[in-house]
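The residues making up each chain are set out below.
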Amino acid sequence: MSKNFIRDIAKNIDKGIRLSRKNAIALIESNDLISIGQLANKVKEKKSGARAYFNVNRHINLTNICVSRCKFCAFSRDKGDADAYSMTIDDVLGIARSARDLGITEFHIVSGLHPDLPFDYYLEVISALKNIMPEVHIQAFTAVEIDYFSKIANLTIKEVLLRLQKAGLGSLPGGGAEILNFRVRDTVCSKKASAGEWLEVMRTAHSLGLKSNATMLYGHIETVEERIDHLLALRELQDETGGFQSFIPLPFHPQNTQLPDFKKPTAFENLKMLAVSRLVLDNFPHIKAFWIMLGLKVAQLSLLFGVDDLDGTVVEEKITHSAGAETEQSISREELLELIRATGQVPVERDTLYNVLRIYDQNREGASVET
Ligand code: V47
């Protein structure tokens, strides 16, 4: 693709003309990373200025026992496996209490599809957490888990979400989306919610006022076209509901999975994927870099390629580390500040719903609080 082609796309973006499927595919196939990044950065600056958001959160995975056993997943186990685990409510509360001093504002809870745990267990997890730490936002259960709860509890998606919301659920994470395409799901994750079911859970959640994120797991069997169609399906639903907050592209980690012959996407590919996501998803307020999967170096650079949000302090991460991630499992607030400041941007600590908690000046000492 020639530079002229990218210039034409830039003119369209300036005029508010959306990126077409054809142009989005052409961008992903281009190697002109710098031009694509500059365009994405311009869009990012329009949306978030010089701000780079981050949050202070704690990931919790309630169980690794899963009936789905997706081919890309190294975290899941069968019941009875030596390293299979499920947390009791007390286990969960113990983790929560240990995170108290870290100043966390969010629990991020994603788990396997357990064959026996009843829906009541998940309601209890949420209400018990809310009971001891009411100020912490609970972002829990992917659309795939919500769909599974509706099947095991014989309830509608709406009823499942209403009961969780009543127990204290604050929002939904974006996982389980993988690639929203029948061929891909049929090959790598045939036992869980379909693309249509994933989107329907999100549509229902948004209609109830629950915000959510969206992800895409890329770098395995999907084609370039399937990646772009995934983004376009999200863009279309966002036009309808406006309920998505951020999009998080997740690069596939192949180690210990049933797809071991794939290679992890390179830094070049990851930056391009983030930048193209920023350009296609013009109606998503935020593009988030999950540094656990990208590595800190790429996550930092991504702040110049359309990303305006770094997730998060995390504390303990099991899904990617089961699949060979070499990143740390945790990062301090100070380290995040340093990474962001080094790019010339202004670190902004946010809560899960992107309310500003604190704006940190470029000056190391100074920090202001927005009310
Ligand atoms: O749904 C599973 C993915 C997701 C692998 O919403 C893998 O803010 C790479 O969704 N290599 C769970 N990825 C994590 C997730 C997430 C992470 C950070 C922030 C948010 C958010 C959501 O991880 C799964 C799946 O798509 N995954 N196995 C793997 N081997």
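Structure: above.
Residues numbered from 1 in each chain as written. Predicted model: local features only at pLDDT ≥ 70, side-chain atom pairs only at ≥ 80, totals over all residues. Heavy atoms only, no water.

Novice: Tell me what's going on with the side chain of S68, and back it up with residues and numbers.
Specialist: As for its placement among the helices and strands, S68 is situated in the loop between strand 2 (57–60) and helix 4 (89–98). Apart from the residues lying within four places of it in its own chain, the contact partners of S68 are L113, K191 and K192. (Helix = DSSP H or I, 4+ residues; strand = E, 2+ residues; numbered from the N terminus. Contact = heavy atoms within 4.5 Å.)

Novice: A description of the packing of aromatic side chains should follow, citing residues and the corresponding values.
Specialist: The relative placement of two aromatic rings is captured by the distance of their centres and the angle of their planes. This structure, assessed with the given rule, holds 12 aromatic pairs. Considering the side-chain rings of Y53 and Y354, the 5.8 Å spacing of their centres and the 75° angle between planes classify their relative orientation as edge-to-face. Taken together, the residues span a long stretch of sequence, with Y53 in strand 1 (residues 51–54) and Y354 in the loop between strand 10 (346–350) and strand 11 (356–360) at a distance of 301 residues. Overall, the relative accessible area of 12% leaves Y354 in the buried class. Linked through ring pairs, F119, Y121, Y122, F141 and F149 together constitute an aromatic cluster. (Phe/Tyr/Trp six-rings, centres within 6.5 Å; stacked < 30°, edge-to-face > 60°. Buried < 20%, exposed > 50% of the residue type's maximum accessible area, 1.4 Å probe, protein only.)

Novice: Describe in detail the site of the ligand, supporting the description with residues and values.
Specialist: What surrounds the ligand is a group of 24 residues, the closest being F72, G174, G176, E178 and K288. Contact between the ligand and E178: an oxygen atom at 2.5 Å from a side-chain N or O atom of the residue. One of the backbone nitrogen or oxygen atoms of H253 is found 2.9 Å away from a nitrogen atom of the ligand. Contact with the protein chains covers 96% of the free accessible surface of the ligand, which is 620 Å². (Near = heavy atom within 4 Å. Polar contact = N/O pair within 3.5 Å; in protein donor to acceptor, adjacent residues only side chain to side chain. Areas by Shrake-Rupley, 256 points an atom, 1.4 Å probe, with all protein chains shown as cover.)

Novice: Could you give an account of the pattern of salt bridges, naming the residues involved and the relevant values?
Specialist: Under the defined criterion, the tally for this structure stands at 19 salt bridges. In this structure, the salt-bridge partner of R18 is D239, at a minimum N-O distance of 2.8 Å. Residue R18 is located in the loop between helix 1 (3–14) and helix 2 (21–29), and its partner D239 is located in helix 10 (residues 224–241); the two are separated by 221 residues in the primary sequence. For D239, a relative accessible area of 47% corresponds to the partly exposed category. Between E222 and R227 there is a salt bridge, and its shortest N-O distance comes to 2.9 Å. The pair E222 / R227 is uniform in exposure class, with both members buried. (Salt bridge = Lys/Arg side-chain N within 4 Å of Asp/Glu carboxyl O.)

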